[in-house]
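Here is what each chain is made of, one letter per residue.
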Amino acid sequence: QAEATRSAVTQRLLVVEDELDIAELLRRVFSKEGFQVDVAHNGLSALETLRREAPDLVILDWMLPELSGIEVLKEMRARPETRMVPVILLTARREEIDRVLGLELGADDYVTKPFSSRELVLRIRGLLKRGERPIDPKEGALRLGPIEIHAADHRAIVSGRVLTLTLTEFRLLEDLVRAKGRVRTRETLLAEVWGYDSEVLSRTVDTHVRRLRSKLGD
Ligand code: CA
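Just so you know, these numbers come straight off a predicted model, no measurement behind them.

Peer 1: How should I be thinking about the pairing of strand β2 (residues 36–40) in this particular structure?
Peer 2: The side chains of a regular strand alternate between both faces of the sheet. Most of β2 sits inside the fold, with 4 of its 5 residues counted as buried. Two elements, strand β1 (residues 12–16) and β2, share 5 bridges in a ladder whose sense is parallel. Across the sheet, the residue bridging to Val15 is Val39, located in β2. Between the parallel elements β1 and β2, the chain passes through helix α2 (residues 20–32) in a crossover that is right-handed.

Okay, structure coming up:
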C-alpha cells in the first residue's frame, strides 16, 4: 500500500544529454529533489526510453549524436502519447536560432548553458505543478467566439476544427479564453500557464503566443 502510494507521486524525468558530466550532475540533482531519473546519452536511445518509460517531463540537450534534439522533439510532438509531455531544451548561449526553432517545434521552455541547476529545478517544478490542478469531469465546454475548450480531455476546437496543441499551448489558450479579453501580462501567464513563480524569468511567452496564433488561423 505504502509502496503504491509512493510510486504514484514519484515524478519521472528523462535527461537527454551526451556530455557525461552534465548528465551525471543532473541525475544527482534531480534524484536529490525526489524525482526518478532516466538518462539517455543520444537521440536514438532517448526515443527508445520514451517508448519504454512514460516520463512526466524531458530535459533535452540540443546538440546530440545520432539524432539531434530537434529530431527527438519533432518525433515527440508527432506522437499522441508524448505530445503533451513538457520539454525543456538545453542550449548553448550562442544558439539563439536553435532556441527559437525549438520553441516553434513545441518545446515548453529553454535553459542556456551554463545554467544553474536550481533555476532548472524551479522550471521543472512549475511545469509539473500544472498537471495537479483538479479538473471536474462534469465541467462543460468553455466557449469564446468560435473557440471551444474542453478542459477534461484537453481538446480545443476552432470553428469545428480540432487543434493539435502541446500542453502549454492548450493551457495558454484556455487561460486567454477564461480571461475573456482582459489583459494578461507575461508575468501572469508565466505563473498561470507555466506554473512559474516570480523568480523564474523566461522569454518563452512571445514564441508560444505567436505559435498559438498561427494554429488558430483567422
Ligand atoms: Ca550536447
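Structure's up, so let's keep going.
Peer 1: Quick question: what am I supposed to make of the nonpolar core here?
Peer 2: Within the largest apolar cluster, 40 residues are counted, with the highest numbers of intra-cluster contacts made by Leu26, Phe30, Ile59, Leu120, Ile124 and Leu173. When residues no more than four places from it in sequence are discounted, the contact partners of Leu120 are Leu26, Phe30, Ile59, Ile88, Leu90, Val111 and Phe115. Of all hydrophobic cores here, the second largest spans 21 residues; its members include Val16, Ile70, Leu73 and Met76.

Peer 1: Quick question: what am I supposed to make of the coordination of the calcium ion here?
Peer 2: Protein coordination at the calcium ion: the donors are Asp18 (OD), Asp61 (OD) and Met63 (O), at 2.1 to 2.3 Å from the metal. Spacing between the donor residues of the calcium ion along their common chain follows D-x42-D-x1-M. For Met63, a relative accessible area of 53% corresponds to the exposed category.

Definitions and cut-offs
Residues numbered from 1 in each chain as written. Predicted model: local features only at pLDDT ≥ 70, side-chain atom pairs only at ≥ 80, totals over all residues. Heavy atoms only, no water. Buried < 20%, exposed > 50% of the residue type's maximum accessible area, 1.4 Å probe, protein only. Helix = DSSP H or I, 4+ residues; strand = E, 2+ residues; numbered from the N terminus. Pairing = 2+ DSSP bridges. Right-handed = clockwise from strand over helix to strand, strands pointing away. Core = buried A, V, L, I, M, F, W, Y, C linked by side-chain atoms within 4.5 Å. Contact = heavy atoms within 4.5 Å. Donors = N, O, S within 2.8 Å, 3.2 Å for Na, K, Ca; no water.

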